[in-house]
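# Architecture at a glance
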Amino acid sequence: MLVVISIGGSILARDLDPERFAKYADMLEELSKEHSVVVVTGGGVAARQYIETARQVGANEVTCDFIGIDVTRLNAQLLISALGKNAYPEPPQSYRDAELALSSGKIIVMGGVIPGQTTDTVSAVLAEYLGAELMVIATSVDGVYSKDPTTSPDAIKFDVMSPKELLDVVMSTEMKAGSKSPVDPLAAKIIERCNIETIVMDGSSEGDIYKVVMQEKIKSEPVEGERVGTRIKS
């Protein structure tokens, strides 16, 4: 199957550890033996630092977005380097470029595309455009909660939810000052629109991503004992 994986910059590139890039590359190589794989990398701490500095020197928000996109592409290029000959040699810079690159049979790694879109949104649009059968959002939290778990101790984690339920939770979370949802509202809307099977999970262990994609049972029910996060399906 074709799977799109969004790997947050805070997961992959939080300290630019070359060993971490190598581990995720190894995992993606194993996945590519069974599936077609497209990866979208986030910007992480480095992107936020560059963007904040840009703001302080007077850059407008569109310019800040472009700077953030550049950082995501740098992270993509690092992962491509770790993948070597198994990867398409450069990050596609548009959805059409990604479609053309996919015909190479290589692992595709890219960053942001246009201002105003997070890499999760890029992943969702890309999954719809390419006709992916599964999207994985590998982030720093272990799934989707009824409330922001960092501020609400009574927050309940969802094992399975519908795209409409995801959108409702995301919108209610994002509207509260200081709260942060694991999926941004635009990405949630795209997931609802294209109805793509999506898993939101803790991606801090590359092995967990591999298990989630490879386990066939994940298509019908959560797998007991595995860190599968939240599965979004109709």
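Criteria and thresholds
- Residues numbered from 1 in each chain as written.
- Predicted model: local features only at pLDDT ≥ 70, side-chain atom pairs only at ≥ 80, totals over all residues.
- Heavy atoms only, no water.
- Buried < 20%, exposed > 50% of the residue type's maximum accessible area, 1.4 Å probe, protein only.
- Helix = DSSP H or I, 4+ residues; strand = E, 2+ residues; numbered from the N terminus.
- Arc of directions from axis to C-beta.
- Contact = heavy atoms within 4.5 Å.
- Pairing = 2+ DSSP bridges.
- Core = buried A, V, L, I, M, F, W, Y, C linked by side-chain atoms within 4.5 Å.
- pLDDT = per-residue confidence, 0-100.
- Axes fitted to C-alpha atoms, helices over the stretch in contact; angles between N-to-C directions.
- Parallel < 35°, antiparallel > 145°, perpendicular 65-115°, else oblique.
- Left-handed = near helix turned anticlockwise from the far one by under 90°.
- Nonpolar A, V, L, I, M, F, W, Y, C, P; charged D, E, K, R; others polar.

## Points about helix 5 (residues 95-102)
Among the residues of helix 5, Y95, A98 and A101 are the ones counted as buried. For helix 5, the angular spread of buried residues about the axis comes to 120°, placing them on one side. Exposed and oriented more than 90 degrees from the buried face of helix 5 are R96 and L100. Packing partners of the buried residues in helix 5 comprise strand 3 (108-110) and helix 6 (119-130).

## What to know about the pairing of strand 4 (residues 134-139)
Most of strand 4 sits out of view: 6 of its 6 residues are buried. Neither face of strand 4 is exposed, since L134, V136 and A138 on one face and M135, I137 and T139 on the opposite face are all buried. In this structure, strand 1 (residues 2-7) lies alongside strand 4, joined through 5 bridges in parallel fashion. Each bridged residue has a counterpart across the sheet, and for I7 the counterpart in strand 4 is A138. Relative to strand 6 (residues 198-202), strand 4 is paired through 5 bridges, and the arrangement is parallel.

## Points about the pairing of strand 2 (residues 36-41)
A large share of strand 2 lies buried, amounting to 5 of its 6 residues. Relative to strand 2, strand 1 runs parallel, the two sharing 6 bridges. Across the sheet, residue L2 finds its bridge partner in strand 2, namely S36. Direction of pairing for strand 2 relative to strand 3: parallel, over a ladder of 3 bridges. Bridging across to strand 3, V40 finds its partner in M110.

## A closer look at unusual backbone geometry
Not every positive phi belongs to a glycine, and L16 is a case in point at roughly 55°. The topology assignment puts L16 in the loop between helix 1 (9-12) and helix 2 (18-32). Notably, N195 is not glycine yet its phi reads approximately 55°, a positive angle. Its location among the elements puts N195 in the loop between helix 8 (185-194) and strand 6.

## Overview of the nonpolar core
One finds V38, M110, L126, M135, L166, V183 and I191 to be the most contacted residues of the largest nonpolar core, which totals 33 residues. At the level of elements, strand 1, strand 2, helix 5, strand 3, helix 6, strand 4, helix 7 (163-174) and helix 8 are the ones that each hand at least two residues to this core. Sorting elements by how many residues they give to this core places helix 6 first, with 6 residues. Grouped together as the second largest cluster of nonpolar side chains are 30 residues, V3, A76, A87 and I107 included.

## A short note on the confidence of the model for the protein chain
The predicted model of the protein chain averages 90 in pLDDT, with 92% of residues at 70 or higher. The element-level mean pLDDT for the protein chain is lowest in helix 7, coming to 87, with strand 3 highest at 98.

## Quick look at the sheet that holds strand 2
Strand order in the open sheet formed by 7 strands is 3-2-1-4-6-7-5, with mixed pairing between adjacent strands. Each edge of the sheet is formed by a strand with only one pairing partner; in this case those strands are strand 3 and strand 5 (160-161). Bridge count for strand 6 against strand 7 (residues 230-232) is 3 bridges, and the pairing is antiparallel. Along strand 7, the bridge assignment pairs T198 with I232.

## Some remarks on the packing of helix 3 (residues 44-56) against helix 4 (residues 61-83)
Two numbers describe how helix 3 lies on helix 4: the axes approach to 9 Å, and their chain directions differ by 155°. In this view, helix 3 runs roughly antiparallel relative to helix 4, as classed from their interaxial angle. Between helix 3 and helix 4 lies a crossing whose hand is right-handed. Residue-level contacts link A46, A47, Y50, I51, A54 and R55 of helix 3 to E61, C64, I67, G68 and V71 of helix 4. Considered class by class, the residues forming the contact of helix 3 with helix 4 number 8 nonpolar, 1 polar and 2 charged.

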